[in-house]
Amino acid sequence: MALANFSSSSRSNLLKPLAPVLSFAETLRRPISTSTDPLIIETSVPFTFHNCEPPSRSVETNPQELISFFRGMATMRRMEIAADSLYKAKLIRGFCHLYDGQEAVAVGMEAAITKKDCIITAYRDHCTFLGRGGTLLEVFAELMGRQAGCSRGKGGSMHFYKKEAGFYGGHGIVGAQVPLGCGLAFAQKYSKDETVTFALYGDGAANQGQLFEALNISALWDLPVILVCENNHYGMGTAEWRAAKNPAYYKRGDYVPGLKVDGMDALAVKQACKFAKEHVLRKGPIILEMDTYRYHGHSMSDPGSTYRTRDEISGVRQERDPVERIRKVILAHDLATEKELKDFEKEIRKEVDQAIAQAKESPMPEPYELFTNVHVKGLGTEAFGADRKEVRAVLP
Amino acid sequence: MASCLRRYGRRLSVSICEKRELSTACEGKVIQQQQQQQQQQTAKLLNLCSAINQALHLALETDPRSYVFGEDVSFGGVFRCTTGLTERFGKNRVFNTPLCEQGIVGFGIGLAAMGNRAIAEIQFADYIYPAFDQIVNEAAKFRYRSGNQYDCGGLTIRAPYGAVGHGGHYHSQSPEAFFCHVPGIKVVIPRSPQQAKGLLLSCIRDPNPVVFFEPKWLYRLAVEEVPEHDYMLPLSEAEVIREGSDITLVGWGAQLSIMEQACTDAEKDGISCELIDLKTLIPWDKETVETSVRKTGRLLISHEAPVTGGFGAEISASIVERCFLRLEAPVARVCGLDTPFPLVFEPFYMPTKNKILDAIKSTVNY
């Protein structure tokens, strides 16, 4: 991806006082900062904690990281909105659960971990997949059910996976991914490679019994698993206070420590995930509650406005939007100009459009793929075509 | 008279079957109502979800100790089958539960054990598996293991099942076979709005726990004249919905409409098909199917669930046991393939009209 020419950090420091002089700046092609000099930024709100010592509010970051946050989140935002239009154009069928508004969780988490750590989440997984290194082409192709998709078109919106990057999906049944995540952590503990698992679930899934079973076992056996509740306050159409006796999900672990994080602040998420990773490697599981929000409804068939007011949605968008927050931080610290950020967004738009065009070219899976990957060695069951005599297949 | 009703089931059935045990709570009321309404039996064109809605309204009206609960039922449910119930009967009788199927069913069993009618909704049949343990180990065996001291007969679990065109892996499954393997519960599947209303009321008032699967594909698509009064249709009685002499077809739920199309097409080729709606899967009406197979000598079963271990296998085995010498051809099963319910491949997976037609022809020409 070609970007504008960068220059070293020292030059950007030199140019700071000259920045307001527009023409001069333009001729000098004021560089976008790629410095890795540390920058300390405070999180929006302090962490709320249960049974543990909270991490500090001051997050160490650097300009390069902040710019990458911006790019990452803007790409995710653009991708989800494009998926919305594709769904309405009936190119994506079935179910489509969009993540816009919650991007900070995906991006902040990635910044704190490596690709050897595992992430497992529920069905709202497009952006998490992208964060794990998935490409836009793989996303759109999978959404449209094409061969170029990450699951070869057989999974669809809810089943994105990326083995090389430790992304274990992509699960349709609510809550079922949490015991699985604890199992992943169990294996990681055996392998002794200092890796951890992040098992994400929502506020609706927080009331599933299997979660507490998994939590108990993880705490008993000191598994390096971090349970992350992405609390967007609505389980489909049900507000959290109507589903949970105690909506303080970070406290529901009881004997397991918990931390409540502002999920719209990518830096806070990064800090919390870093802290959590260090914690679980020594002391067993921890629960992170990400206080976040989704702008779209539960899925594309949900307008999202029958159980919450439009004022609430636009209020959150104005006050707490994760992309805007990072944009403000970048501008406040003079790491890039408004125009450059807008250029990024334009570029991202083009990338997304290109990926969609490419994905549309990709063919649907071959019919015989219906039978592949059911078992490793075949079932040997017969299946008939419309004409019983001529078409007779044995399932591979 | 009962067999007469079976054959002409489409006409308004107003009888109270002497065989069927009605629970005492509303027997008197039903008789009264039906006597009152003998003269005026109005019917309206309704779709499946409205018919079920009406049935629920009637159930809650006639028994003050009945409750409807599940995920999102309060505002009407994701398929609008429970609209108007909270407004009419209040939040204490129609209420939402958190997202926990195991909890919903377990809770329902407890309610029913105290003599109430618990009508639990599982949002999609694909999500019924967390509750599987409760249904199989608790609900089905409660009466048996307590020597009839306790029972959860008042429990009815409703779940939308079946393919819908774009449901994918987890919004299209047909899990009826798993439950048919459990003695102690009943499994009922209606084929149309008029049937659904009567069957659901029977299920709710039946003194056994019942799992009621509703074909979600037909929720809006199927429209029929549904009588407005309170009526019940007998359980464990199959219905011959189309008479024929060459081959017997057995099915249930949404699949019947596909089978009917295949029958009409086969008719053009001179094959006369007899179509039976099983209605209740367990305990199923072996006599009706046997009588029909003795007449035609051939049997074809069709269902959406995968063929291996599907309920068609049970029907096939039982009929072969009973009618072996009469059978002219092997029993054919046209069912879903043995794969997880696919995403883009749904049209290949489904037992379509052509597959059924082809099987009819090869069975008849065996």
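Remember, it's a predicted structure, so these values are computed and weren't measured experimentally. The numbering scheme is per chain: residues are counted from 1 as the chain's sequence reads. Chains and ligands are labelled sequentially in the order written, the chains with letters from A and the ligands with numbers from 1. Whole-chain, interface and lining totals are the exception, using all residues; otherwise, since this is a predicted model, local features are given only for residues with pLDDT of at least 70 and side-chain atom pairs are given and counted only at 80 or more. Just so you know, side-chain values use all the structure's heavy atoms and leave hydrogens and water out.

Asker: Can you walk me through the pattern of salt bridges in this structure?
Answerer: Where charged atoms from two side chains of opposite charge come close, those side chains can pair. All names here are of chain A. A pair is scored as a salt bridge if a Lys or Arg side-chain nitrogen falls within 4 Å of a carboxyl oxygen belonging to Asp or Glu. The final tally for this structure, using the stated rule, is 44 salt bridges over all chains. Taking the shortest distance from any N to any O, the salt bridge between Glu 351 and Arg 71 comes out at 3.6 Å. With a gap of 280 residues between them, Glu 351 in helix H13 (residues 338-361) and Arg 71 in helix H3 (residues 63-88) connect regions that are remote in the sequence. Given the relative accessible area of 13%, Arg 71 is considered buried. A salt bridge links Glu 110 to Arg 132, with the nearest nitrogen and oxygen atoms 2.7 Å apart. Secondary structure counts use DSSP, requiring at least four H or I residues in a row for a helix and at least two E residues in a row for a strand, with both numbered from the N terminus. When accessible area is computed with a 1.4 Å probe and restricted to protein chains, residues below 20% of their type maximum are described as buried, those above 50% as exposed, and intermediate ones as partly exposed.

Asker: Is there a simple way to explain unusual backbone geometry in this structure?
Answerer: Among all residues save glycine, negative phi is the norm, and among peptide bonds the norm is trans. Of note, the amide linkage connecting Gly169(A) to Gly170(A) takes the cis form, showing an omega dihedral of 20°. Along the chain, Gly170(A) falls in the loop between helix H6 (136-143) and helix H7 (177-191). A cis amide bond links Ile282(B) with the next residue in sequence, Pro283(B), at an omega value of -10°. Here Pro283(B) lies in the loop between strand S12 (280-282) and helix H12 (286-296). Its identity is not glycine, yet Arg80(B) carries a phi of approximately 65°, on the positive side.

Asker: In this structure, what is going on with H7(A)? I would like to understand it.
Answerer: Residue and element names in this part refer to chain A. What a helix should span is 1.5 Å times the count of its residues minus one. If you check H7, its first and last C-alpha atoms are 21 Å apart, about what 15 residues at 1.5 Å a residue would give, namely 21 Å. Those residues of H7 not exposed but buried are Gln 177, Val 178, Gly 181, Cys 182, Leu 184, Ala 185 and Gln 188. Viewed end-on, H7 has its buried residues packed into an arc of 155°, placing them on one side of the element. Contacts are assigned to residue pairs with any non-hydrogen atoms lying within 4.5 Å of each other. Here the buried face of H7 lies against strand S4 (118-120), strand S5 (197-202), helix H8 (209-220) and strand S6 (225-231). For this quantity, the arc is that covered by the directions from the helix axis to the C-beta atoms.

Asker: Can you help me understand the packing of helix H3 (residues 48-62) of chain B against helix H9 (residues 193-205) of chain B in this one?
Answerer: Describing two packed helices takes the angle between their axes plus the distance from one axis to the other. All names here are of chain B. Interaxial angles span 0 to 180 degrees and are taken between N-to-C directions of axes, which are lines fitted to C-alpha atoms, for helices over the stretch in contact. At their nearest, the axes of H3 and H9 sit 8 Å apart, and the two run at 30° to each other. Here H9 runs roughly parallel to H3, going by the angle between their axes. Considering only the axes of H3 and H9, their crossing is right-handed. Of the residues in H9, those touching H3 at Leu 48, Ala 51, Ile 52, Gln 54, Ala 55, Leu 56, Leu 58, Ala 59 and Thr 62 are Pro 193, Ala 196, Lys 197, Leu 200, Leu 201, Ile 204 and Arg 205. Among the residues forming the contact of H3 with H9, the class breakdown is 12 nonpolar, 2 polar and 2 charged. Angles are sorted into four bins: roughly parallel if under 35 degrees, roughly antiparallel if over 145, roughly perpendicular if 65 to 115, and oblique for all others. Handedness of each helix crossing follows the sense of rotation of the near helix against the far helix: counterclockwise by less than a right angle gives left-handed, clockwise gives right-handed. Classes in brief: Ala, Val, Leu, Ile, Met, Phe, Trp, Tyr, Cys and Pro nonpolar; Asp, Glu, Lys and Arg charged; the others, Gly included, polar.

Asker: What should I look at first to understand the sheet that holds strand S4 (residues 117-121) of chain B in this one?
Answerer: Consider a sheet: its strands pair through backbone hydrogen bonds, and that pairing is either parallel or antiparallel. Residue and element names in this part refer to chain B. If you walk across this open sheet you meet the 7 strands as S3-S2-S4-S5-S7-S6-S12, and the pairing is mixed. Since the sheet does not close on itself, it has two edges, and those belong to strand S3 (94-96) and S12, each with one partner. When strand polarity is set aside, the average angle formed by the axes of neighbouring strands in this sheet is 20°. When DSSP finds at least two bridges between two strands, those strands are taken to pair. Pairing of strand S2 (residues 66-70) with S4, which is carried by 5 bridges, proceeds in the parallel orientation. Residue pairing across strands places Gly 70 opposite Glu 121, the latter belonging to S4.

Any link to function would need more than the numbers given here.
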